[in-house]
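# A structural walkthrough
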Amino acid sequence: MKIRVAYSELKSGPGYNNRKAEAEIEIDVVGDVDKAFQKAWEKVRAEVKRQLDDNNDDDDDFPF
């Protein structure tokens, strides 16, 4: 059996500074589906968090 897990998150900053991150994984499950889902869920959430944290360094201040 295959399962696909997807997660996305949108963070709104000051003004119109919106950032979106998303991740998806598809895995083959042979044993316990609940354990496989939990592991996949943790991976996609960690990837989304990593993407949002990486973009955090790009705070551009406009001089106008």
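Please refer to the structure placed before this passage.
I will try to describe carefully the structure that is included in this document. (Residues numbered from 1 in each chain as written. Predicted model: local features only at pLDDT ≥ 70, side-chain atom pairs only at ≥ 80, totals over all residues. Heavy atoms only, no water.)

### Examining the overall build of the protein
Summing up its helical and strand segments, the protein has one helix and two strands in all. Expressed as a percentage of its 64 residues, the buried residues of the protein come to 19%. A sequence separation of at least 24 residues applies to 50% of the contacts in the protein between residues at least 6 apart. Carbon and sulfur atoms form 48% of the exposed surface of the protein, whose accessible area is close to 5400 Å². (Helix = DSSP H or I, 4+ residues; strand = E, 2+ residues; numbered from the N terminus. Buried < 20%, exposed > 50% of the residue type's maximum accessible area, 1.4 Å probe, protein only. Contact = heavy atoms within 4.5 Å. Areas by Shrake-Rupley, 256 points an atom, 1.4 Å probe, with all protein chains shown as cover.)

### Points about the nonpolar core
Val5, Tyr7, Ala21, Ala23, Ala40, Val44, Val48 and Leu52 form the largest nonpolar core, which has eight residues in total. A total of four residues in this core trace back to one element, the largest contributor, which is helix H1 (residues 33-55). Ala40 has contacts with Val5, Ile25 and Ile27, leaving out every residue within four places of it along the chain. (Core = buried A, V, L, I, M, F, W, Y, C linked by side-chain atoms within 4.5 Å.)

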